[in-house]
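Topology and contacts: notes
Here's the letter readout for the chains.
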Amino acid sequence: MGRGHRRKQREHRADADHHGAAAFDVFRGSPVTAHHNMVRCFRLPVQCQYAKHLGMKTVMGDHDQRIDYDAELHRHNEALRRTYEIEPDDRVLDIGCGAGQTTRDAARLASDGWALGIDTSADMIARARRLAEAEGLRNVAFEHADVQEHRFPPEPFDLAISRFGTMFFRDPVAAFTNIGTALRRRGRLLMMVWQGHDRNEWSVSIDGALGSNVGSPVPTPKGLDPFSLADPATVRQVLDAAGFTAVTFTDVRQAMYFGRDVAAALEWIGGFACTEAALDRLDPGDREVARERLRETLALHARDDGVWFDSRAWIVRASRP
Ligand SMILES: C[S@@+](CC[C@H](N)C(=O)[O-])C[C@H]1O[C@@H](n2cnc3c(N)ncnc32)[C@H](O)[C@@H]1O
């Protein structure tokens, strides 16, 4: 047993004492304390798939091509996975885990530890459980809960990760403070969040195709802005107020995949709840114009290997003192 491992065990014990409770068996599960917070339609399509397709959609037939959020973000996921630095005995919390690809990745890396994914969507959690079971993973668990108010297991986590699951908190300081209480001393937070709308080609292009000249963009409900953590100064302020230190930002520029060809991409994007909402606001003539403009936009981004848009994200790192 290495020195690092023993140090971490001591810190785990100290933190468990600090939390004042006995060890928590993640596989027994814990009562769901939070109510299901329905994910409403965000302004931008990529986020909206969660309102409708719950992160998964199969476009088969002519295209013989499966598209889902994991496929769309596979390059982002590779970039994120390279930065985790998960040790075999780590305990990992995945915030807003969705269908749990990142939770499963973490569980595989934490082969002697475990990973817990939390999400407010009951359907996503059910899917995450099915996928983990299908992959035969035994050191992973999922909870349907709101991380902002969830009572975490007393046995503290070494690391909290998130792939685009931290931008929608009603009260970000409260949520990150609660996440901080779940971490051991010097435990780490590592999350991927979008940079601003203007830096994201996918957002500008799709929004433009659906919104410009045909009315104002679909409004963003307060607190559900996918770009809410785009500004480093704001993120620093929030994390500082939540008790985190050593906040750093890594620029990630990656292409996003929208399908094998224009028809597949159109079907994928057209199925997002907010795409439908944007189109529903138009009269039939304008709707056709907007749909055609979206098709043209996608055609401009079609290559031999599919439809791709540029994107910019941050990997934000912070730690508990
Ligand atoms: C853009 S999706 C990302 C999902 C997942 N991380 C992935 O990359 O596939 C955002 C997720 O955050 C979840 N979410 C939003 N607010 C949350 C909260 N307060 N607590 C837990 N999950 C939340 C949503 O239900 C949704 O599944």
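Quick note: structure is the one above.
So, here is what we can say about the structure in this document.

Quick notes on the rules
Residues numbered from 1 in each chain as written. Predicted model: local features only at pLDDT ≥ 70, side-chain atom pairs only at ≥ 80, totals over all residues. Helix = DSSP H or I, 4+ residues; strand = E, 2+ residues; numbered from the N terminus. Buried ≥ 20, exposed ≤ 12 C-beta atoms within 10 Å, placed from the backbone. Contact = placed C-beta atoms within 7 Å. Near = placed C-beta within 6 Å. Nonpolar A, V, L, I, M, F, W, Y, C, P; charged D, E, K, R; others polar. Pairing = 2+ DSSP bridges. Axes fitted to C-alpha atoms, helices over the stretch in contact; angles between N-to-C directions. Parallel < 35°, antiparallel > 145°, perpendicular 65-115°, else oblique. Left-handed = near helix turned anticlockwise from the far one by under 90°. Core = buried A, V, L, I, M, F, W, Y, C linked by C-beta atoms within 7 Å. Right-handed = clockwise from strand over helix to strand, strands pointing away.

Per the secondary structure count, the protein chain includes 12 helices and 10 strands. Expressed as a percentage of the 321 residues in the protein chain, the buried residues total 44%. Counting contacts in the protein chain only where the partners sit at least 6 residues apart, residues at least 24 apart contribute 80% of the total.

Attention now moves to the site of the ligand. Around the ligand, the structure places 24 residues, and the nearest of them are Gly-96, Gly-98, Val-147, Arg-163 and Gly-165. Mapped by element, the contributors of at least two residues to the shell around the ligand are α2 (45–52), α5 (101–109) and β4 (114–119). A class-by-class count of the residues in the shell around the ligand yields 11 nonpolar, 10 polar and 3 charged.

Our next topic: the pairing of strand β5 (residues 140–144). Within β5, 5 of the 5 residues are buried, leaving the element largely enclosed by the surrounding structure. The alternating pattern of β5 places Val-140, Phe-142 and His-144 on one face and Ala-141 and Glu-143 on the opposite face, and all of these are buried. Sheet topology places β4 next to β5; 5 bridges connect them, and they run parallel. Within β5, the residue paired with Ile-118 across the bridge is Glu-143.

Our focus in this paragraph is the packing of helix α10 (residues 262–270) against helix α12 (residues 284–300). Their axes nearest at 9 Å, the elements α10 and α12 cross at an angle of 130°. Classified by the angle between their axes, α10 and α12 sit oblique to one another. The way α10 lies across α12 gives a crossing that is right-handed. Residues Val-262, Ala-265, Leu-266 and Ile-269 of α10 lie in contact with α12, whose contacting residues are Leu-294, Arg-295, Leu-298 and Ala-299. Looking at the contact of α10 with α12 residue by residue, the class counts come to 7 nonpolar, no polar and 1 charged.

What follows deals with the nonpolar core. Val-92, Ala-115, Ala-160, Ile-179 and Val-193 are the most contacted members of the largest nonpolar core, which totals 55 residues. Counting residues per element, this core draws most heavily on strand β7 (residues 183–194), which supplies 7 residues. Counting residues in hydrophobic clusters, the runner-up holds 24 residues, among them Leu-210, Phe-272, Ala-273 and Phe-309.

What follows deals with the pairing of β4. Each regular strand shows side chains that alternate between the opposite faces of the sheet. Within β4, 6 of the 6 residues are buried, which leaves the element mostly enclosed by the surrounding structure. Here β4 shows no split at all, with Trp-114, Leu-116 and Ile-118 on one side and Ala-115, Gly-117 and Asp-119 on the other all buried. Summarising the sheet, strand β3 (residues 91–95) and β4 pair through 5 bridges and their orientation is parallel. Residue Arg-91 lies in a different strand from β4, and its bridge partner there is Trp-114. The handedness of the β3 to β4 crossover, carried by α5, is right-handed. Handedness of the crossover is the feature at issue here: the chain leaves β4, passes through helix α6 (residues 122–134), returns alongside β5, and the resulting connection is right-handed.

Contact geometry for helix α8 (residues 201–211) and α12: axes closest at 7 Å, N-to-C directions at 155°. Considering their axes alone, α8 and α12 lie roughly antiparallel with respect to each other. Along this stretch, α8 crosses α12, giving a crossing that reads as right-handed. For the pair α8 and α12, the contacting residues are Ser-205, Ile-206, Ala-209 and Leu-210 in the first and Ala-290, Arg-293, Leu-294 and Thr-297 in the second. For the contact of α8 with α12, the residue count by class is 5 nonpolar, 2 polar and 1 charged.

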